[in-house]
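# Structure at a glance
Letter by letter, the chains look like this.
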Amino acid sequence: VQLQASGGGQVQAGGSLRLSCAGSGRTFSSYTIGWFRQAPGKEREFVATISRSGGSTYYADSVEGRFTISRDNAKNTVYLQMNSLKPEDTAVYYCAASYVLGTRLHTYDYWGQGTLVTVSS
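Residues numbered from 1 in each chain as written. Predicted model: local features only at pLDDT ≥ 70, side-chain atom pairs only at ≥ 80, totals over all residues. Heavy atoms only, no water.

### Brief notes about unusual backbone geometry
The phi angle at Asn76 is positive, at roughly 55 degrees, despite the residue not being glycine. Structurally, Asn76 can be placed in the loop between β7 (67-72) and β8 (77-82). Of note, the phi angle at Ser84 is positive, near 50 degrees, even though the residue is not glycine. According to the relative accessible area criterion, Ser84 is partly exposed, its value standing at 40%. (Helix = DSSP H or I, 4+ residues; strand = E, 2+ residues; numbered from the N terminus. Buried < 20%, exposed > 50% of the residue type's maximum accessible area, 1.4 Å probe, protein only.)

Now the structure itself:
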């Protein structure tokens, strides 16, 4: 599967953005999709993930209650709605596909290019 992330941009603290992860191929619904982010000088970290059907979701503590992950398998797309953004959310955001539902980077086999989110104070 090939993935393409989009929707990044610059926003002020407290604002919102919605990221999209578009997948190619008819097997998109066979994959768990996760969002990860990497801030300058830091390691890539888990943000959120959603099961194949969309029935299960998990979030990092740092975004719980502010971010919502969802998917539309008919459109081969996963979304990350980000509300109440903080400067510390500034990072390049990546989507990735896995055969298992988890939060660890090494379990994700396919990665899209990143999209930059910048939150100013």
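### Let's talk about the environment of Tyr108
Along the chain, the position of Tyr108 falls in strand β10 (residues 108-111). Here the side chain of Tyr108 touches Thr49 through a polar contact of 2.8 Å, side chain to side chain. (Polar contact = N/O pair within 3.5 Å; in protein donor to acceptor, adjacent residues only side chain to side chain.)

### Some remarks on the sheet that holds β7
The four strands lie next to each other as β1-β3-β8-β7, forming an open sheet whose pairing is antiparallel. The two strands at the open ends of the sheet, each matched to only one other strand, are β1 (3-6) and β7. Averaged over all pairs of adjacent strands, the angle between their axes in this sheet comes to 15 degrees, without regard to strand direction. (Pairing = 2+ DSSP bridges. Axes fitted to C-alpha atoms, helices over the stretch in contact; angles between N-to-C directions.)

### Considerations on the side chain of Arg71
For Arg71, the location among the structural elements is in strand β7. Buried charged residue Arg71 carries no salt bridge. Nearest counter-charge: Asp72, at 8.3 Å. For Arg71, the side chain forms a polar contact with the main-chain oxygen of Phe28, separated by 3.2 Å. Within the local environment of Arg71, its side chain forms a polar contact with the backbone oxygen of Ser51, the two atoms lying 2.8 Å apart. If we ignore the near neighbours within four places in the chain, the residues touching Arg71 are Phe28, Ser29, Tyr31, Thr32, Ile33, Ile50, Ser51, Arg52, Ser53, Gly54, Thr77 and Val78. (Lys, Arg positive; Asp, Glu negative; His and termini not counted. Salt bridge = Lys/Arg side-chain N within 4 Å of Asp/Glu carboxyl O. Contact = heavy atoms within 4.5 Å.)

### Focus: the packing of aromatic side chains
Applying the stated rule across the entire model yields seven aromatic pairs. Ring plane angle 75 degrees and centroid distance 4.9 Å describe the contact between Phe36 and Tyr108, whose orientation is recorded as edge-to-face. Within this pair, whereas Phe36 is found in strand β4 (residues 32-38), its partner Tyr108 is found in strand β10, the two being separated by 72 residues in sequence. This pair shows no difference in class: Phe36 is buried, exactly as Tyr108 is. One aromatic cluster is present, formed by Phe36, Phe46, Tyr108 and Trp111 through successive ring pairs. In this structure, Arg44 packs its charged tip against the face of Tyr94, placed 3.7 Å from the ring centre. When the ring centre of Trp111 is taken as reference, the NZ or CZ atom of Arg44 above it lies at 5.0 Å. (Phe/Tyr/Trp six-rings, centres within 6.5 Å; stacked < 30°, edge-to-face > 60°. Lys NZ or Arg CZ within 6 Å of the ring centre and 35° of its normal.)

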